[in-house]
Amino acid sequence: MQTGMFTETAVKTTGSAMPVMESFATSADQGVSEEFLRQGYIIRDVDRPDVLEALRHRVVEMACEYLGVDLPQDDGEFLNSIHANLAIQKVNAFRVALYNLLNGQSWFRPSYFWLGKSALETLVGNELAMQSRVNLSIQMPNDESSVLDVHSDTFDAETPFQVVEWLPLVDVYDTKSMFILPPPANQAAFLNVKPLLEQGGPARVFHEVKDQLVWLRVPYGKVLIFTPNLLHGNIVNRVPETRWSFNARFKGLFTPYGGPAKSLGGYYLPITTKAVSRVGMAYRAPEGFNA
Ligand SMILES: [Fe+2]
């Protein structure tokens, strides 16, 4: 029997040969969700490679202008070897300048969203709030100052109802990348994480979990989406290339928010509010019909 575009979803043929749906999601979406639940992350091709290429080129243009150097032949090679053009002591001022320049561009956040849009919509929803600024990391080889110790974002009053879209501008792997603790190991680590932090700080926690960490290999052209509820972080980059990556948080517009500093309207902004939600939020009951 012909089931058209729904062939791969759970279509069942009833006794009277009428197709019915056995699932609310496509098998592809179910697969993405199961992978995310099992690993705590997914890595996928960006939805718009052309947008990624343009974004990366704008970053290179801004970097060249800041450094007073000519545009390179190869954007990836230029970013990977930025440590040849800039001292480690100057990298944070450089990073902050690029961060402010990029976040001042009206196209920056929408472009960033479109790179991970399909996976975000599958995992989080299609009515989203996005962090109001996209963060930039530049991690030069052997830079001890740009280490992000092992942590869960929930320890800092972040809502657990969020994902991080993490996007490298160069191939990342090993210590040039970030690590994450898979869900079963994380569950076990959480039982003891508070006393470990109190006794020996993040270094003690890292020592405890280091054999179970997954070091994420994310080639340029792909996007990583992970739950920052899991323990994650990075160590000193010992790969002789500089890591460039962006990260920004996404959550369902109507899911719970974290502490006061992480509220909607400041830290998060709505990006894809649907018409019916707008209608509902604008609705005022006539006199006599108020609850
Ligand atoms: Fe984090």
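These numbers come from a predicted model, not from an experiment.

(A) Quick look at the overall build of the protein chain. Secondary structure assignment for the protein chain yields eight helices and 12 strands. Counting only C-alpha atoms, the protein chain reaches 70 × 55 × 45 Å along its principal axes. Residues classed as buried in the protein chain amount to 41% of the 291 residues present. Counted over contacts in the protein chain with a minimum sequence separation of 6, partners at least 24 positions apart contribute 80%. Working note: accessible area of the protein chain is about 15,300 Å², and carbon and sulfur atoms make up 55% of it. Side chains of the protein chain give 25 positive and 31 negative charges; the mean places of these two sets differ by 4 Å.

(B) Broad picture of the environment of Ser106. Assignment of secondary structure puts Ser106 in the loop between helix H4 (91-103) and helix H5 (108-123). For Ser106 and Ser145, which are 39 residues apart along the polypeptide, the C-alpha to C-alpha distance reads 31 Å.

(C) Main features of the pairing of strand S6 (residues 162-168). For S6, the tally of buried residues reaches seven of seven residues, placing the bulk of the element in the interior. Bridge count for S6 against strand S11 (residues 243-252) is seven bridges, and the pairing is antiparallel. Following the sheet pairing, Pro168 is matched in S11 by Ser245. Where S6 and strand S9 (residues 222-226) come together, three bridges link them in antiparallel fashion. The residue bridging Val164 from the neighbouring strand is Phe226, located in S9.

(D) Focus on the pairing of strand S4 (residues 128-131). Here S4 pairs with S11 via three bridges, running antiparallel. Directly across from Ala129, in S11, lies its bridge partner Lys251.

(E) Inspection of the sheet that holds strand S8 (residues 214-215) at higher detail. Strand order in this open sheet of three strands is S8-S7-S10, and the pairing throughout is antiparallel. The open sheet has two edge strands with one neighbour each: S8 and strand S10 (232-233). Note: strand S7 (residues 179-180) against S10, two bridges, orientation antiparallel. Counterpart to Phe179 in the pairing with S10 is Gly233.

(F) Here's a closer look at the coordination of the iron ion. For the iron ion, every protein donor is listed as His151 (NE2), Asp153 (OD) and His232 (NE2), and the spread of their distances is 2.2 Å. In terms of primary sequence, the donors binding the iron ion are separated according to H-x1-D-x78-H. One end of the pair, Asp153, is in the loop between strand S5 (135-139) and S6; the other, His232, is in strand S10, with 79 residues separating them in the sequence. Comparing Asp153 with His232 shows no difference in burial state: the two are buried.

(G) Representation of the pattern of salt bridges within the structure. Enumeration over the complete set of coordinates arrives at 13 salt bridges. Residues Lys262 and Glu158 are paired through a salt bridge, measuring 3.3 Å at the closest nitrogen-oxygen approach. Taken as a pair, Lys262 in the loop between S11 and strand S12 (268-270) and Glu158 in the loop between S5 and S6 lie far apart in primary sequence, 104 residues in all. You can call Glu158 buried: its relative accessible area is 5%. The structure contains a network of salt bridges with shared partners spanning Asp153, Asp156, Glu158, Arg249 and Lys262.

(H) Spotlight on the packing of helix H2 (residues 49-67) against H5. One can describe the packing of H2 onto H5 by two numbers: an axis separation of 9 Å at closest approach and a directional angle of 140°. Between H2 and H5, the angle falls in the class oblique. Helix-helix and strand crossings are classified by hand; for H2 and H5 the assignment is left-handed. Between H2, through Val51, Leu52 and Leu55, and H5, the contact on the second element is made entirely by Phe108, Ser111 and Leu115. Looking at the contact of H2 with H5 residue by residue, the class counts come to five nonpolar, one polar and no charged.

(I) Focus on the side chain of Asp153. The class of Asp153 is buried, set by a relative accessible area of 7%. A polar atom in the side chain of Asp153 sits 2.9 Å from the side chain of His151. Here the side chain of Asp153 touches Arg249 through a polar contact of 2.6 Å, side chain to side chain. With sequence-adjacent residues up to four places away left out, Asp153 is seen in contact with Glu158, Val164, Pro228, His232 and Arg249.

(J) Looking closely at helix H7 (residues 193-209). Counted at 1.5 Å a residue, the expected span for H7 with its 17 residues is 24 Å, but the 10 Å between its end C-alpha atoms falls short. Of all the bends in H7, the greatest reaches close to 125° and is centred on Gly200; the proline Pro202 follows between one and four positions later. Packed against the buried residues of H7 are helix H6 (183-190).

Calculation rules
Residues numbered from 1 in each chain as written. Predicted model: local features only at pLDDT ≥ 70, side-chain atom pairs only at ≥ 80, totals over all residues. Heavy atoms only, no water. Helix = DSSP H or I, 4+ residues; strand = E, 2+ residues; numbered from the N terminus. Buried < 20%, exposed > 50% of the residue type's maximum accessible area, 1.4 Å probe, protein only. Contact = heavy atoms within 4.5 Å. Areas by Shrake-Rupley, 256 points an atom, 1.4 Å probe, with all protein chains shown as cover. Lys, Arg positive; Asp, Glu negative; His and termini not counted. Charge placed at Lys NZ, Arg CZ, Asp CG, Glu CD. Pairing = 2+ DSSP bridges. Donors = N, O, S within 2.8 Å, 3.2 Å for Na, K, Ca; no water. Salt bridge = Lys/Arg side-chain N within 4 Å of Asp/Glu carboxyl O. Axes fitted to C-alpha atoms, helices over the stretch in contact; angles between N-to-C directions. Parallel < 35°, antiparallel > 145°, perpendicular 65-115°, else oblique. Left-handed = near helix turned anticlockwise from the far one by under 90°. Nonpolar A, V, L, I, M, F, W, Y, C, P; charged D, E, K, R; others polar. Polar contact = N/O pair within 3.5 Å; in protein donor to acceptor, adjacent residues only side chain to side chain. Expected span 1.5 Å × (residues − 1). Bend = angle between axes of the 7 residues up to and from the residue.

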